[in-house]
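# Remarks on the overall topology
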4 protein chains.
Amino acid sequence: MKNTFGNSVSLTLFGESHGNAIGCVLDGMAPGVAVDEAFIAAQMSRRKGIASVSTPRKEGDEVRIVSGVFQGKTTGTPICMMIENTTQRSNDYERTRFLARPGHADYTAQCKYGGYQDYRGGGHFSGRITAPLVAAGAIALTALKSKGISVGTHIAKCAGVKDRDFSSYGDDIRALSEKDMPVLSDEAYEQMLTAIKAARDEGDSVGGVLTTAVVGIPAGVGEPWFDTVESMLAHGLFSIPAVKGVEFGMGFAMSELRGSRANDPLIMEQGKVMTASNHNGGINGGITNGMPIVFSTCIKPTPSIFKPQQTVDFSKMENAEIRIKGRHDPAIIHRAAVVVDSITALTLCDLLAQHFGTDYLRG
Amino acid sequence: MKNTFGNSVSLTLFGESHGNAIGCVLDGMAPGVAVDEAFIAAQMSRRKGIASVSTPRKEGDEVRIVSGVFQGKTTGTPICMMIENTTQRSNDYERTRFLARPGHADYTAQCKYGGYQDYRGGGHFSGRITAPLVAAGAIALTALKSKGISVGTHIAKCAGVKDRDFSSYGDDIRALSEKDMPVLSDEAYEQMLTAIKAARDEGDSVGGVLTTAVVGIPAGVGEPWFDTVESMLAHGLFSIPAVKGVEFGMGFAMSELRGSRANDPLIMEQGKVMTASNHNGGINGGITNGMPIVFSTCIKPTPSIFKPQQTVDFSKMENAEIRIKGRHDPAIIHRAAVVVDSITALTLCDLLAQHFGTDYLRG
Amino acid sequence: MKNTFGNSVSLTLFGESHGNAIGCVLDGMAPGVAVDEAFIAAQMSRRKGIASVSTPRKEGDEVRIVSGVFQGKTTGTPICMMIENTTQRSNDYERTRFLARPGHADYTAQCKYGGYQDYRGGGHFSGRITAPLVAAGAIALTALKSKGISVGTHIAKCAGVKDRDFSSYGDDIRALSEKDMPVLSDEAYEQMLTAIKAARDEGDSVGGVLTTAVVGIPAGVGEPWFDTVESMLAHGLFSIPAVKGVEFGMGFAMSELRGSRANDPLIMEQGKVMTASNHNGGINGGITNGMPIVFSTCIKPTPSIFKPQQTVDFSKMENAEIRIKGRHDPAIIHRAAVVVDSITALTLCDLLAQHFGTDYLRG
Amino acid sequence: MKNTFGNSVSLTLFGESHGNAIGCVLDGMAPGVAVDEAFIAAQMSRRKGIASVSTPRKEGDEVRIVSGVFQGKTTGTPICMMIENTTQRSNDYERTRFLARPGHADYTAQCKYGGYQDYRGGGHFSGRITAPLVAAGAIALTALKSKGISVGTHIAKCAGVKDRDFSSYGDDIRALSEKDMPVLSDEAYEQMLTAIKAARDEGDSVGGVLTTAVVGIPAGVGEPWFDTVESMLAHGLFSIPAVKGVEFGMGFAMSELRGSRANDPLIMEQGKVMTASNHNGGINGGITNGMPIVFSTCIKPTPSIFKPQQTVDFSKMENAEIRIKGRHDPAIIHRAAVVVDSITALTLCDLLAQHFGTDYLRG
């Protein structure tokens, strides 16, 4: 389905970085979900990143709700949201039009679209297209919250600096929602900023790993084959630009353990089935077991760097050097966290609506 | 779509471990693709694993082609393949019917299906359901081969033992197809067998990491948002039981690098655009760039172990101990490799058919 | 999705008329639905038609439930059902292999599949493929019944003979389920048989119109755009071979009325919103209004006739004459009625599961 | 998929009659298709109908292309188009908010959305939502034209007046594209206008039947089961408001014939396989045979009439009378013709892209 994701609750993205506007259509959301425009704006602001390590952006990134919301609530019909593109400086891109930026989609776009693509600023491949995704995610997060489900992501690792692990999921998720950069430990926060700035000063960039937790999800959601919770989440996560790895629970480290250590023992606790550990990240056989869903996402270093790079000029099919100019962030991981929260929330809304029906999220 | 995966080329799986039969429907495959029953049988045999570290299985796992193949070639209509279940010992499971095996889907199946699930041997969640997936994958691999595309997977790591990396993809993939256990280095092969047997002797199990390479795929395949090549492959891979992580190219290790190291420089080579390194695993912006697609998949240790484990009896909702009996492998990673090849081939057939039309794979 | 229909509840068909076997996979059906094998057999028998105007068939059409049913109830996982092909006389078809039978798909199959299609007896296009559809429909009808929803179809018109209209939907649907040929009026029944036999005696065939009613469906089901109840039902109905028209409520006759006559006035009756007439066939804006869903389906005359016909030999690309031999029915409309009931039931299960969740039909 | 239609080429509609704006996202269209804004405007104008029998509308219905078009051509990425809502008079609807208009979706919307729907002017159910569908259809029609495929619809019957049948498809389609109301015979045109005005003068409305022809479509397109050409077209057509019937070729009249008359003999003509008649409307076994696709669509009389009607007030659940005010057309059939052309073109683009790949329509 190309630019659409989800079955019962689906999101379609449209727009190019330097076109008229970007936006999305969120379809299948239950009627009666509160649409909190202040929360949408707050999430948009989190996506912009913090001033000290992000490039100053003048766009208001003001979200216009075009349809599907009436008297402050979802109607149940498609929700279109739009963000006008106002301050593009397209001329930056004419100069390098045929120079494929390494790590970007310039060359693959040329192969796929045969020269018809809007090449300015990454066009439809731009990270900017995550803005409407975050707007849609804000509605999804609100819908989940009404059912007692919360989602939070922290920067587990960035530029060689590690954050502390989640300790109490509920408290940590709440704390993260109030931070300008989602790092649990204040010390790690400072160290990360320093490391990011060091990369920036060298015209370079850094990546990292995000860890996400979801609490409150009921057991029994997901499908055994193909539409497993892991499959659906990974499908969404891997379409976020710069994501190169996804792992659930202990993930790759689990391959080092023996089964007797890796298996999560089941226990009764306060009349409820729990697991003593959560190495499987809340999912068995593709289906939620009622424990927190936990996963990590690897974000590669921002490909736009200021150092000169070797590339090809595909108009002449010859080797060339590229020097990227313009506004580019030395790190996007802190901005990607809210995108991960958003796609996670949308995916879970879809799985819940499939299982419990389209009105379940009405609250 | 639950138990169906793929858009233009799709696979539906059915069956339970101890039911009458298991099987699949492969739909959308081009007409005129050769169906090589000997190759299907060889792949089925690879899925069974090698005698020294796999439990002896009496099932013939004979694949019956029910439809969609005529005079040795695909017709273009749905291909149903079936494997009869012959030697189940269902009584093994009556004893532990209400004891959720840790690391398995017993408890989540109960939550999802409310007691109506076939609980014998994992039912529809059983790894046995990968058998028809491998049969379908064999047809997909043949179709790809006719277009010069080949797929191979080796055990990069198992029980703490590392294999050597891919050196020459083409040669290595060919070599892997002739091995009984897909390890590139003979020394690593011996060490892995020893380590697996050690775990077995303690009634325990091991996991590992598989690395897969695809060569010959044309540039320009995949979609920018949601149906990226990474999203589609991860969707398929995460529905294989025991997979807990997927990473493309350098994957998680890429988060340690700076952009200037992580980006793959583009170069002209013999009139063709190539990349000097392949940290991105052949995919930029979700779309193939013509370089080999490379990814790794984490396989958790087999959850069925013979050591006693703590669990709950969900008929009484109380704590209990479970001692698993029956036939269980101390490692499944060598058997999972062919499953990974299969789902990879199916996913690529789907992406190619979407881009180039349903007849492209006719050869 | 080619040979798959439905979103939450989906059906995949496979098989060729003269292949090994034919069958289906029904996925997404709620767990816990009773599977009544006697009812399945009864529906299969209705699909075979009555002896006096149908060709004698030796196939047992015995439905083998391969998966997804355990201890007499659905498990919630894919239900595969198969019917072996036993008594095909494939040689009948060698003679006419390259002679496109008029009104059949022989020539279009050649265009689509380029010669790889199984040409014997219509292959995958054969009306025989409706047999597994009827088996799946039987489970869907049982699931609907447990929610108080019933479906019935009568032959409104055949070979120029008209049946009486539905009078009391509930009683008529019940009466139809006990008839060997679904005609409400005994007089019309006799006249139809006579007319069908007259056509048969001339080596010719007849068609007709089926009218279907569904009672008990709740209001509020369906979607405003694209997945309207009418769109979904028509999608399913038009894939039944020989269907050339579908109309809801008064259908085409509605185009003759003025709005003041065509609109259905709303009235309160016993505390419930009803409509005084039902010209819209229970659907407004694509969504059920709680009144019976009523629609008619046009079945063209069976294309297999014994009279000589003009055609082309597409191996030589020249004009030719074809004389069809073998077993062919002078009418299939009485056999199509149960196919219409089946696809209707499957479509409604899908729409209900989407709206109310996957467990709604558990009963 | 709710408000999305199509697989390889898909259309998503959004918006409410009296909301901020309405629009669509057209995804999967090939890159490099010319986007002719003048043609889009011309089609929008045809959708508005002719002054003498349509209500005067002040909306510019100006289509803003938001994304997916660059330098006058499609880029291959999602095309969002928007139309602002400017001159709504929402207060007209407050008065009748809880009075379900007969023949409309007011009551079913209430059942489905539980009071959260935007009730003004039909909200998301409004015929106004066909405006962006027509804009998308204009691009699809242009893409088809570049492959030699043309689509045209005439009013076969309206208010008891019959138009002449198609004689030469190519010429007639061309002629229709230049008329303000799509009637082939000038005499019928005048009579229809008179009949429509007569209904209007009585505060009433009329319906009719549209007949559509598609020429130039290659043979071999469509699927044997479920995604037949008939199923896909009917799916799209039945989601157009007011459509209550769809028939292909001779349609319902075919049920009156014997097989020997109904079957279309195949003949060689100028080295090409043709059929001597076209009773099947260009489709056999769900697949195009290369002859013109011909089908008819029944449009019920506009449900908005000025005569008083009986209904219920669903806020009080009691009987009531409704008198509809505002702007309402005595006929919409002439405006529906371009909507039918549009959904037909979109459906065929989807089927062609599935069969021949996403770049086929590049021209």
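This structure is a prediction, so every number in the text was calculated from the model and none was measured.

For the rest of this paragraph, the subject is the interface of chain D and chain B. Listed by partner, the interface residues are 6 residues for chain D and 6 residues for chain B. Summing the contributions of chain D and of chain B, the shared interface buries around 520 Å²; its carbon and sulfur component is 40%. Area buried by chain D at its contact with chain B is led by Gln354(D), His355(D) and Thr358(D), which between them contribute 55% of it. Where chain D packs against chain B, one counts 2 residue pairs in polar contact (both at pLDDT 80 or more). The residue inventory of the side of chain D that touches chain B, partitioned by class, reads 1 nonpolar, 4 polar and 1 charged.

Turning our eyes to something else, we now look at the sheet that holds strand 10 (residues 208–215) of chain D. A sheet is described by the order of its strands in space; here 10 strands give the open sequence 9(C)-8(C)-10(C)-16(C)-11(C)-11(D)-16(D)-10(D)-8(D)-9(D), paired in antiparallel fashion. Looking at which strands have only one partner, the edges of the open sheet turn out to be strand 9 (161–162) of chain C together with strand 9 (161–162) of chain D. Here strand 10 of chain D pairs with strand 16 (residues 293–299) of chain D via 7 bridges, running antiparallel. Bridging from a neighbouring strand, Gly208(D) pairs with Ile299(D) of strand 16 of chain D. Packing against the sheet, helix 5 (residues 169–176) of chain C makes contact with strand 8 (150–158), strand 10 (208–215) and strand 16 (293–299) of chain C, and its axis sits at approximately 80 degrees to strand 8 of chain C.

This part is about the pattern of salt bridges. Tallied over the full model, the rule gives 68 salt bridges over all chains. Taking the shortest distance from any N to any O, the salt bridge between Glu84(A) and Arg64(D) comes out at 2.7 Å. With Glu84(A) in strand 7 (residues 79–84) and Arg64(D) in strand 4 (residues 64–65), this residue pair bridges two chains. A salt bridge links Lys157(A) to Glu256(B); its shortest N-O distance comes to 2.7 Å. Here Lys157(A) is found in strand 8 (residues 150–158), whereas its partner Glu256(B) is found in the loop between strand 11 (243–248) and helix 8 (259–262) on a different chain. Judged by relative accessible area, Glu256(B) falls into the partly exposed class, the value being 47%.

This brings us to the interface of chain A and chain B. Contacts between the two partners involve 102 residues from chain A and, on the opposite side, 102 residues from chain B. Between chain A and chain B the total buried area reaches about 8,200 Å² when both faces are included, carbon and sulfur atoms providing 61% of it. The largest contributions to the chain A side of the interface with chain B come from Trp225(A), Phe226(A) and Lys244(A), which together make up 12% of the buried area. Linking chain A to chain B there are 8 salt bridges. Ionic pairing is found between Lys244(B) and Glu230(A), a salt bridge with its closest N-O pair at 2.8 Å. In this structure, the connection of chain A to chain B is made through 49 residue pairs in polar contact (both at pLDDT 80 or more).

Below, the discussion takes up helix 7 (residues 229–237) of chain A. Counting buried positions along helix 7 of chain A yields 9 of 9 residues, so the element is predominantly enclosed. Where helix 7 of chain A is concerned, the buried positions are Val229(A), Glu230(A), Ser231(A), Met232(A), Leu233(A), Ala234(A), His235(A), Gly236(A) and Leu237(A).

Residues and elements named next belong to chain A. Interaxial distance between helix 4 (residues 130–145) and helix 9 (residues 333–356) falls to 7 Å at its minimum, and their mutual angle equals 55 degrees. One finds that helix 4 runs oblique with respect to helix 9. In the packing of helix 4 onto helix 9, the handedness of the crossing is left-handed. Between helix 4 and helix 9, the contacting residues are Thr130, Leu133, Val134, Ala136, Gly137, Ala140, Leu141, Ala143 and Leu144 on the first element and Val338, Val339, Asp341, Ser342, Ile343, Ala345, Leu346, Leu348, Cys349 and Leu352 on the second. Class assignment of the residues belonging to the contact of helix 4 with helix 9 gives a composition of 15 nonpolar, 3 polar and 1 charged.

What follows covers the nonpolar core. Ranked by internal contacts, the top residues of the largest apolar core, which has 171 residues, are Met29(C), Ile40(C), Met81(C), Met29(D), Ile40(D) and Met81(D). Look past the residues within four positions of Met81(D) in its chain and what remains in contact with it is Phe14(D), Ile22(D), Gly23(D), Cys24(D), Ile40(D), Val63(D), Arg64(D), Ile65(D), Val66(D), Ala135(D), Ala136(D) and Ile139(D). Counting 170 residues, the second largest nonpolar core, distinct from the first, contains Ala242(A), Val134(B), Trp225(B) and Ile343(B).

The tally for this structure, following the rule as stated, stands at 38 aromatic pairs over all chains. By the ring-pair criterion, three or more aromatic residues cluster together here, those being Phe5(A), Trp225(B) and Phe226(B). Positioned above the aromatic ring of Tyr360(B) is the side chain of Lys147(B), whose terminal nitrogen or guanidinium carbon lies 4.1 Å from the ring centre.

About the thresholds
Here the residue index of a chain counts from 1 through its sequence in written order. Throughout, the order in which chains and ligands are written sets their labels, letters from A for the former and numbers from 1 for the latter. Where totals are concerned, whole chains, interfaces and linings use all residues; where local detail is concerned, this predicted model gives features only for residues with pLDDT of at least 70, and gives and counts side-chain atom pairs only at 80 or more. Hydrogens are left out, water is left out, and the side-chain values use all remaining heavy atoms of the structure. Contacts: residue pairs with any heavy atoms within 4.5 Å of one another. Two parts placed together each lose some accessible area under a 1.4 Å probe, and adding up what both lose gives the buried area. Any N or O atom pair separated by 3.5 Å or less is treated as a polar contact, with the protein-specific requirement of one donor-capable and one acceptor-capable atom, and with residues adjacent in sequence counted only for side-chain atom pairs. Throughout this entry, Asp, Glu, Lys and Arg are counted as charged residues, while Ala, Val, Leu, Ile, Met, Phe, Trp, Tyr, Cys and Pro are counted as nonpolar. The remaining residues, Gly among them, count as polar. In this scheme, strands are said to pair when DSSP sees at least two bridges between them. Under the scheme used here, helices are H or I runs from DSSP no shorter than 4 residues and strands are E runs no shorter than 2 residues, and both carry numbers assigned from the N terminus. Axis definition: a line fitted to C-alpha atoms, limited for helices to the stretch in contact. Angles are taken between N-to-C directions and run from 0 to 180 degrees. Criterion for a salt bridge: a side-chain nitrogen of Lys or Arg within 4 Å of a carboxyl oxygen of Asp or Glu. Only protein chains enter the area calculation, which uses a 1.4 Å probe; residues under 20% of their type maximum are buried, those over 50% are exposed, and those in between are partly exposed. Here is the rule for angles: anything less than 35 degrees is roughly parallel, anything more than 145 is roughly antiparallel, 65 through 115 is roughly perpendicular, and the remaining ranges are oblique. If you view the pair so one helix is near and one far, a crossing is left-handed when the near helix is turned anticlockwise from the far one by less than a right angle, and right-handed when it is turned clockwise. Nonpolar cores are built from buried Ala, Val, Leu, Ile, Met, Phe, Trp, Tyr and Cys residues. Side-chain atoms within 4.5 Å join them into one set. Here a pair means two rings of Phe, Tyr or Trp (six-membered ring of Trp) with centres within 6.5 Å. Their orientation is stacked below 30 degrees between planes, edge-to-face above 60, and tilted elsewhere. Here, a charge over a ring means that NZ of Lys or CZ of Arg falls within 6 Å of the ring centre while also lying within 35 degrees of the ring normal.

All we've got here are geometric facts, nothing functional implied.
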